[in-house]
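Residue-level structural notes
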Amino acid sequence: MSLSADFAFTQGSLQDYADCSRRFELRFIKRMRYPALEVQEPLQFEKRTRQGARFHKLVQQHLLGVPAEALTASLVDDEELARWWANYLARGLIDLPVQRHSEITLQTHLAGRRLLAKYDLLALEPGGAAVIVDWKTGARLPAHATLRGRMQTIVYRYVLAGAGAHLYAGEAIPPERIRMDYVYVAQGGERLSFEYSAAQMREDEALLSGMIAAIDRAEVFPLTDDVRRCRYCSYRSLCDRGEAGRLEDFDLDEYEDEDEQEAFALDFDQIAEIEF
């Protein structure tokens, strides 16, 4: 069994492969459902994921023109979400170009495959800056170096450079004009930023094309040697890799990104085809 011919890679699927190739195989090749809970506290986990989804919807509505006051009034039932929302209003859109595209998907081609990225927000000024904004609702601020190495940082900047010309007055976006901002609304709107460059883009292309090619020719997908990654893997029962970890140590931002990536990757009707 192998990947279907129309399979499209995303940051979530590539992160799965980077973390554990066996998880990638179970999820995307064998397409097995999730036999185990991610965490020990399923009700709290569901609440937090619903809060994250609701926050992203609020931001999308706001960016589409719904007045902030009306959206704020809808949050009387959730103090924590109201605090995230207040942090977004205070700091989320500071120093961003005025041309903004919310919940937009771009794709390019690499190593004979499609590579997709769904953005929370793209803020661009043709001839000027092109800023990727990703809203995070997690309770912890990750290390800058850790976030730099995540597939989301790598894939999102690379795809925008390769597929964003139609948003940039028809001209390819110079990598040096691209910046990615992670905005942590549960941390007062703290922003972690990552610039880009032509040299970094070449390095990313080599990395991503190498990963895609390796997946396409692989016959065996071994388990990760880092068993710590198994604590929050919903496939761990299939691998006899122990019990669920606790919610307080779980990276909800990572889960949200992976879940969203898988969902939109299967809905090709929602994708604007960009050919090169």
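No experiment lies behind these values; they were computed from the predicted model shown.

With that out of the way, let us pick up the overall build of the protein. Of the regular secondary structure elements, the protein holds 10 helices and six strands. Looking at the protein as a whole, 50% of its 276 residues qualify as buried. Pairs at least 24 residues apart make up 71% of the contacts formed inside the protein by residues separated by at least 6 positions. By element, 50% of the accessible surface of the protein is carried by carbon and sulfur atoms, the whole surface being about 13200 Å².

Right, let's get into the pairing of strand β5 (residues 178-184). Of all seven residues making up β5, seven are buried, and the element is well covered by its neighbours. Both faces of β5 are covered, namely the face carrying Ile 178, Met 180, Tyr 182 and Tyr 184 and the face carrying Arg 179, Asp 181 and Val 183. Judged from the seven bridges that link them, strand β4 (residues 130-136) and β5 form a sheet pairing that is parallel. Bridge assignment links Ala 130 to a residue of β5, and that residue is Ile 178. Summarising the sheet, β5 and strand β6 (residues 190-195) pair through six bridges and their orientation is antiparallel. Across the sheet, residue Met 180 finds its bridge partner in β6, namely Phe 194. In textbook terms, the turn of a hairpin is the stretch between consecutive antiparallel strands, and for β5 and β6 this stretch comprises five residues, one of which, Gly 188, has a positive phi near 75 degrees.

In low-pLDDT segments, the atomic positions of the prediction should not be examined closely. With 83% of its residues at a pLDDT of 70 or more, the protein has an overall mean of 86. Confidence drops under a pLDDT of 50 for residues 245-250, and excluding neighbours within four residues, the segment shows 25 contacts in the predicted structure. Below a pLDDT of 50 lies the segment residues 258-276, which in the model reaches 44 contacts outside its immediate sequence neighbourhood of four places, other chains included.

Their axes nearest at 10 Å, the elements helix α7 (residues 151-163) and helix α8 (residues 198-217) cross at an angle of 110 degrees. In this view, α7 runs roughly perpendicular relative to α8, as classed from their interaxial angle. In the packing of α7 onto α8, the handedness of the crossing is left-handed. Side by side, α7 and α8 meet where Met 151, Ile 154, Val 155, Arg 157, Tyr 158, Ala 161 and Gly 162 of the first sit next to Gln 200, Met 201, Asp 204, Glu 205, Leu 207, Leu 208 and Met 211 of the second. Grouping the constituent residues of the contact of α7 with α8 by class yields nine nonpolar, two polar and three charged.

Turning our attention to unusual backbone geometry. Positive phi outside glycine occurs at Arg 31, with the angle close to 50 degrees. With respect to the helices, strands and loops of the structure, Arg 31 is situated in the loop between α2 (21-29) and α3 (42-63). Note on Arg 31: relative accessible area 44%, which makes it partly exposed. With phi around 55 degrees, Ala 111 is a residue other than glycine that occupies positive phi space.

On to α7. Residue pairs three or four apart in sequence face the same way in an α-helix, which turns once every 3.6 residues. The end-to-end C-alpha separation of α7 is 17 Å, in line with the 18 Å expected for 13 residues at 1.5 Å each. Burial analysis of α7 places 12 of its 13 residues in the buried class, which makes it a mostly covered element. Within α7, burial applies to Met 151, Gln 152, Thr 153, Ile 154, Val 155, Tyr 156, Arg 157, Tyr 158, Val 159, Leu 160, Ala 161 and Ala 163.

This model, assessed by the stated rule, comprises 13 aromatic pairs. Centroid distance Tyr 17 to Phe 24: 5.9 Å. Interplanar angle 80 degrees. Geometry classified as edge-to-face. Between Phe 24 and Phe 221, the ring centres sit 6.3 Å apart and the planes meet at 25 degrees, which makes this aromatic pair stacked. Linking Phe 24 in helix α2 with Phe 221 in the loop between α8 and α9 (236-239), this pair joins segments that are 197 residues apart in sequence.

A separate point is the pairing of β4. Judged by how many residues are buried, β4 sits mostly within the fold: seven of seven residues are covered. On β4, burial covers both faces: Ala 130, Ile 132, Asp 134 and Lys 136 on one face and Val 131, Val 133 and Trp 135 on the other are all buried. Bridge analysis of strand β3 (residues 113-124) against β4 gives four bridges, and the strand direction is antiparallel. Within β4, the position partnered with Leu 121 by the bridge is Val 133. Adjacent in sequence and paired antiparallel, β3 and β4 are bridged by five residues, among which Gly 127 carries a positive phi angle near 85 degrees.

The full count for this structure, using the stated rule, is two cavities of 30 Å³ or more. Lining the largest cavity, in full, are Cys 20, Arg 23, Leu 223, Thr 224, Arg 229, Cys 230, Cys 233, Arg 236, Cys 239 and Arg 241. The residue inventory of the lining of the largest cavity, partitioned by class, reads five nonpolar, one polar and four charged.

What counts and what doesn't
- Residues numbered from 1 in each chain as written.
- Predicted model: local features only at pLDDT ≥ 70, side-chain atom pairs only at ≥ 80, totals over all residues.
- Heavy atoms only, no water.
- Helix = DSSP H or I, 4+ residues; strand = E, 2+ residues; numbered from the N terminus.
- Buried < 20%, exposed > 50% of the residue type's maximum accessible area, 1.4 Å probe, protein only.
- Contact = heavy atoms within 4.5 Å.
- Areas by Shrake-Rupley, 256 points an atom, 1.4 Å probe, with all protein chains shown as cover.
- Pairing = 2+ DSSP bridges.
- pLDDT = per-residue confidence, 0-100.
- Axes fitted to C-alpha atoms, helices over the stretch in contact; angles between N-to-C directions.
- Parallel < 35°, antiparallel > 145°, perpendicular 65-115°, else oblique.
- Left-handed = near helix turned anticlockwise from the far one by under 90°.
- Nonpolar A, V, L, I, M, F, W, Y, C, P; charged D, E, K, R; others polar.
- Expected span 1.5 Å × (residues − 1).
- Phe/Tyr/Trp six-rings, centres within 6.5 Å; stacked < 30°, edge-to-face > 60°.
- 1 Å grid on protein atoms, 1.4 Å probe; cavity = no way out; pocket = protein on both sides within 12 Å on 5 of 7 lines; lining within 4 Å.
- Points joined across faces, edges and corners; volume = space filled by probe spheres on them.

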